[in-house]
Each structure stands twice: as C-alpha cells, then as structure tokens.
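Chain by chain, the residues:
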Amino acid sequence: MTSRGPIYALSFVVAAVGFMLPLWPLCVLGIVVAALLGRYVFAIVLALVIDLGFGMPTGSLSRLVVPFTLLAAAAAALRLLASSYFLDKTPPDTL
Amino acid sequence: MLVLGGTVLVVLVALVVLFRPALSSLLWQALAPVMRVRESLGADEVDRLRAQLAQAQAELIDRDALAEENADLRARLGRADAAAPRVLAGVLQHAPWSAYDTLVVDAGQAQGIAVGDLVYASGQALVGVVREVYASSARVELFSTPGASYQATLNGTLPVAVEGQGGGSMSAAVPAGTDVAVGDTVAFPGLYGGVVAAVSAVDAKEGESFIVIYMHLPVNPADLARVEIQKP
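Per-chain numbering applies: the sequence of each chain, read as written, is numbered from 1 onward. Throughout, the order in which chains and ligands are written sets their labels, letters from A for the former and numbers from 1 for the latter. With pLDDT at 70 or above as the cut-off, local features in this predicted model cover only qualifying residues; side-chain atom pairs require 80 or more to be listed or tallied, and sums for whole chains, interfaces and linings still use all residues. Here the side-chain values reflect all heavy atoms present in the structure, with hydrogen atoms and water set aside.

## Quick word on the interface of chain B and chain A
- Note on contacts: a residue pair qualifies if any of its non-hydrogen atoms lie within 4.5 Å across the two residues. At the junction of the two partners, chain B supplies 14 residues and chain A supplies 18 residues.
- Throughout, the accessible surface (probe 1.4 Å) given up by two parts as they are put together, summed over both, is called the buried area. Surface buried jointly by chain B and chain A totals about 1400 Å² across both partners, of which 79% is contributed by carbon and sulfur atoms.
- Together, L9, R20 and R38 of chain B form the three largest contributors to the area buried by chain B at its contact with chain A, with a combined 39%.
- We count a salt bridge whenever a side-chain nitrogen from Lys or Arg sits within 4 Å of a carboxyl oxygen from Asp or Glu. Across the contact surface, chain B and chain A share zero salt bridges.

## Let's talk about helix α1 (residues 2-18) of chain B
Residue and element names in this part refer to chain B.
- Helix length check: α1 (17 residues) gives 24 Å between terminal C-alpha atoms against 24 Å at 1.5 Å per residue, within 8%.
- The rule is simple: take the accessible area with a 1.4 Å probe, protein chains only, and divide by the maximum for that residue type; under 20% is buried, over 50% is exposed, in between is partly exposed. Here a helix means four or more residues in a row that DSSP labels H or I, a strand means two or more in a row labelled E, and each is numbered from the N terminus. Listed as buried for α1 are L9, V13 and V16. Burial along α1 is one-sided: seen end-on, the buried residues are contained in an arc of 60 degrees. Facing away from the buried side of α1 by more than 90 degrees, the exposed set consists of V3, L4, V10 and L18. For a helix, the expected span equals 1.5 Å multiplied by the residue count minus one. Working definition: the arc comes from the directions between the helix axis and the C-beta atoms, pointing outward to the latter.

## What to know about unusual backbone geometry
- A positive phi is found at V65 of chain A, a non-glycine position, where the angle reads about 60 degrees.
- Along the chain, V65 of chain A falls in the loop between α3 (40-54) and α4 (67-83).

## Topic: the layout of surface pockets
- A 1.4 Å probe that fits but cannot get out identifies a cavity on a 1 Å grid over protein atoms alone, an open set with protein on both sides within 12 Å along at least five of seven lines counts as a pocket, and a residue lines either if it has an atom within 4 Å of a point. Grid points are joined across faces, edges and corners, and a volume is the space filled by probe spheres set on the points. Of the voids in this model, the second largest pocket is the one considered here, and its volume is about 400 Å³.
- What lines the second largest pocket is a set of 20 residues, and nearest its centre among them are Y40 and I44 of chain A together with G5, G6 and L9 of chain B.
- Taken together, the elements giving at least two residues each to the lining of the second largest pocket come down to α3 and α4 of chain A together with α1 of chain B.
- For the lining of the second largest pocket, the element with the most residues is α1 of chain B, which contributes six residues.
- Asp, Glu, Lys and Arg are counted as charged, while Ala, Val, Leu, Ile, Met, Phe, Trp, Tyr, Cys and Pro are counted as nonpolar; the rest, among them Gly, fall into the polar class. Within the lining of the second largest pocket, the residues separate by chemical class into 15 nonpolar, four polar and one charged.

Structure (structure tokens):
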C-alpha cells in the first residue's frame, strides 16, 4: 500500500508551478502524473481548475473546450485500460 | 462506486463548462494577490525597462495617429497650406564637441535651409533654430544655448521668457502663485509650434514674487543623430 500524499502533493505542485510560470507543459505533466498513478478524481478536478485559469482555448483547440480535463480523462482511461493488462498482476511464486 | 464517481465528474465538468465565465472570474479574484506577488518577485531591472519600452512604443504609435489626425483636421479647416515640408538632416556635430550648445547638420542652402528655420527632433520636439547656413550644412542654435532667450507658453496659456543654460537645460521666471509642476510642458505658440521643454524642477522661495522653473529639452542633444528642419 503506497501513501497517496506524495502523489497528490507532487502532481499539484508541478501543475501549480506550470500555471504560475506560466509553462503549460508542466501543468500537463502534473495532471498526467496524477491520472496515471490512479488519482482520477484529483487529476480531473485539477485539470478543471487549470482549464478555468487558462481560459477558453483558441484556434483549432477551441473545439476541445476543456483540453486539460479531456487530457486528464484520457490519461485516466489509459490507466484503467492498462491496469487490466499489466498493472496489479502478481506473478505466482510457483507454477 | 465507479459509475457514481464518473457521474459526479461528468456533472462537475458540465457545470464548469456552463458557468465558465463566473467560475473563471472567481478563480482569478482569488489568484490575483498571488499573481501580484509573483510579478513583483520576478521583475528585475531588465523587465522593468522592457515594460517601459513597450509602453513608449505604444505611446509613439498613439502620437503618430494623433499627428495624422491633426494634419487631417488642419487640411479640413483650410490650414494645410501652412504646413511647410520638412527637410531631414543628419547631425554632423553635437555638444559637447560643437561649441556653445549648437548642432551642425548636413543640410544647407542646397536643401533650401534658411536662417530662422525651426529644428525638430523625433517629430514634434522643437529643439532649436537655424542660425547660420552654409552651402551644404548649417549651424543650429539649441534653445538651451547659454544666453539665448525665447518667448514660449507654459501649459499652452501662460507666456514665459525661456532662457538657455546650456547642456539641454533652460530656465524661466513666472509670477509667484502660478500653477506649475514638474512635468508641465513649455511650447511655442501657434499651430505649428512644438514642445520645447518639460519642467524638471520648480524653485519657489518664500517671500519672492517670482518662481524660477527649470526645464530640459525633450531629447538629449548629445544623442541626436537626425533632425527635421521646417520653415517657421
């Protein structure tokens, strides 16, 4: 059982630093880290806040409306999909 | 559980999309103090100067637009003919290498320059008058030339006699009680006058009937590379 605290703290700090600098790839990294490590709700809420902060995307991205939230959802879906194949598999000690 | 969580998230996203402007406004209200602190931490001398440069460039665009509008209005009011064409001249010599706070420019009789022509820098900044004309050069006396005296107006209304002090500086005496402050402009009267100077200091002594104001040219004469010369 791993502690959840550091994951929340790390992803929040990375995303917050990305927002403050502003350097959006760090925001993406924070959100993706949270989602890929199984903190789906946290990742989506964080992405929603960042979407609110950065505002409506412009140009071709305007169709996405909430691009960071969609990214968080995609990363969460990827994690769920991957977990059914690779994660949480404990190989038997003996045949 | 997963379905419930998913439903809550979908509702949350829908609410954010629907009420985005209001929520963004709330978020930025909360973040504003943090952002101000960030700006103050990150701002160094270079950033401050960059911001000043950007502001100056924006004001320059504004000035050009106003000058164009001014010319258009003059044309509509039948005064366009009064605007004599300007001759661009390069500065061959300027203070401190030229004597007596004068400029030597590379335009003279051949370019139609005559004694008494007005000399502008950067558009509307009036810096001096042509005093001597040669075949292909001329000597310009700056308004700040020591001993030179000119009639001008303070803030566009109060007539003042401006006296040169050298090095781009000038002074004038105005009656005590005159409303004058640092930054006020001194200009030549008339439609085609320009800004001569900005007030840099005010010396008001108790009991004296005049206030001495100190001014400097709007541009540093030592930095001038080109000027524009126009008939008065």
